[in-house]
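Next come the chains, spelled out residue by residue.
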Amino acid sequence: MNKIIRKISFDKKKISDLLLKYAIYFVLLIMIIIIIIEDSSIVSWRSLATILTQASTRCMLALGVGGIIVLAGTDLSIGRMVGLAGVVGASLMQSPGFSRRIFPNLPTSGWFIALSILFIILLITFASFINGWLTAKLHITPFIATLGMQLVLYGAASSYYNALGGSPITSLNEGFKYIAQGKLLKLKFGSDEFYISFLMLFALISILFIWFIWNKTRIGKNMFAVGGNAEAAAVSGVSIVKTTLIIYVIAGVLYGAAGLLELGRTGSATNNLGLGYELDAISACVVGGVSLMGGVGSVAGIVTGVIIFQVINFGLAYIGVDPYLQYVVKGMIILIAVAIDTRKYIKKK
């Protein structure tokens, strides 16, 4: 009899742990089902291609901040890095045939576009490096360090934008736009269509790169060690400063590349490009199982979180939900995800 009671108790614990682990997915699945019931036309190959394309730059941002969260940190400056990359990139890479180019004497050749892209990625990487330096060397909490950087970058991007006239910067170089808007392959399914975009390819390369870093390199092992227990990692000979700086630099490269691709995808830039992207990236990581407490996370989880979040975003817009109510829904998802993550951490203790 005692064995039966213990077995029932054990089974209840397993079920409870399972529900706790996947609770956020159940909530999001219910939301997706409601969206499909509201308008079943959303279920199409074309919608899937659009969702994956829109999720591509978000995935790169989430992969970048995912490593920082594994370190038990955060990054509130992501959206402003995207904005700075967009404004500077748009001003340097306008179409040669546009009569109102901001810098009419700049070269328009392929080598100059390539140098512009490299310069912007290095600029954003440097900003992310400063975030890491403030955190690792000056021991400023990541929340405060990246909040300060958010304000600095927004001020810099806005000042630059206003100096250029304060109007949306449009008419981008066609070759650059093709990189972000082009399609590698189109597949017809009757009247429906699925396509593979260049953005999907860039996202896939980023996924494979980060998976390799996290799972096959010493820096990945050190990252999880520092996030799980920094003191124990230091005693074991892991350089917390070096590890933190490398992870922030990797994040910066992804932020810069994603910012440029988002610029190309939208076709124009203002100083508000990237507004709120940090919340989408962080919440996608948490939904995907990256613990805000540090030391826990997976690339597959982040990708899953990004896609689920993008399905929700796309679905809410598709069925015509008021944009302000969409913020309410996204906020609730974040609160639920963080509450579940905190609960799992408490249970482990």
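The written sequence of each chain sets the order in which its residues are numbered from 1. pLDDT decides what is reported in this predicted model: residues at 70 or higher carry local features, side-chain atom pairs at 80 or more are listed and counted, and totals for whole chains, interfaces and linings draw on all residues regardless. The side-chain values count all of the structure's non-hydrogen atoms but skip hydrogen atoms and water molecules.

### Thoughts on the overall build of the chain
Scanning the chain from N- to C-terminus turns up 13 helices and two strands. In the chain, buried positions account for 47% of the 349 residues. Taking the contacts inside the chain whose residues are at least 6 apart along the sequence as the reference set, 78% of them involve residues at least 24 apart. Working note: accessible area of the chain is about 17,300 Å², and carbon and sulfur atoms make up 68% of it. We treat Lys and Arg as the positive residues and Asp and Glu as the negative residues; His and chain ends play no part in the count. The location of each charge is read from NZ of Lys, CZ of Arg, CG of Asp or CD of Glu. Side-chain charges in the chain split into 28 positive and 14 negative, and the spacing between the mean points of these groups amounts to 10 Å. Note on conventions: DSSP H or I runs of at least 4 residues are helices, E runs of at least 2 residues are strands, and numbering of each starts at the N terminus. Whether a residue is buried, partly exposed or exposed follows from its accessible area with a 1.4 Å probe, protein chains only, as a fraction of its type maximum: under 20%, in between, or over 50%, in that order. Contact definition: two residues touch when any of their heavy atoms are within 4.5 Å. Method for areas: the Shrake-Rupley scheme with a 1.4 Å probe, in which residue coverage is limited to the protein chains shown.

### Topic: helix α5 (residues 142-163)
What a helix is expected to span follows from its residue count: subtract one and scale by 1.5 Å. With 22 residues, α5 should cover 32 Å at 1.5 Å per step; its first-to-last C-alpha distance of 31 Å lies within 8% of that length. Here α5 has its buried residues at Pro142, Ala145, Thr146, Met149, Gln150, Leu153, Ala157, Ser158 and Tyr161. Each element contacted by the buried residues of α5 is listed here: α3 (78-92), α4 (110-136), α10 (240-266) and α11 (277-287). With its phi angle positive at about 125°, Gly165 sits one or two positions after the end of α5.

### Here we look at the pattern of salt bridges
Here, a salt bridge means any Lys or Arg side-chain nitrogen found within 4 Å of an Asp or Glu carboxyl oxygen. The final tally for this structure, using the stated rule, is six salt bridges. Taking the shortest distance from any N to any O, the salt bridge between Glu262 and Arg58 comes out at 3.5 Å. Of this pair, Glu262 sits in helix α10 while Arg58 is found in helix α2 (residues 45-70), placing the two residues 204 residues apart along the sequence. Each member of the pair, Glu262 as well as Arg58, is classed as buried.

### Focus: the packing of aromatic side chains
The relative placement of two aromatic rings is captured by the distance of their centres and the angle of their planes. Only rings of Phe, Tyr and Trp enter the pairing, Trp through its six-membered ring, and a pair is recorded when the two centres are within 6.5 Å. The plane angle decides the type: under 30 degrees is stacked, over 60 is edge-to-face, the rest tilted. Throughout the structure, instances matching the rule amount to six aromatic pairs. Ring plane angle 90° and centroid distance 6.0 Å describe the contact between Trp111 and Phe112, whose orientation is recorded as edge-to-face. Plain terms: the ring middles of Trp214 and Phe224 are 5.7 Å apart, the flat faces sit at 90° to each other, and that makes the pair edge-to-face. Here the residue Trp214 occupies a position in helix α7 (residues 198-216), and Phe224 occupies one in helix α8 (residues 218-228), the gap between them amounting to 10 residues. Every member of this aromatic cluster is reached through a ring pair, and the members are Trp45, Phe189 and Phe194. Comment: the charge-over-ring label is applied if NZ (Lys) or CZ (Arg) is within 6 Å of the ring centre and within 35 degrees of the ring normal. For the cation-ring pair, Arg58 lies above Tyr277, with the distance from its terminal atom to the ring centre recorded as 4.1 Å. Taking NZ or CZ as reference, Lys183 lies 4.6 Å from the ring centre of Tyr195, over its face.

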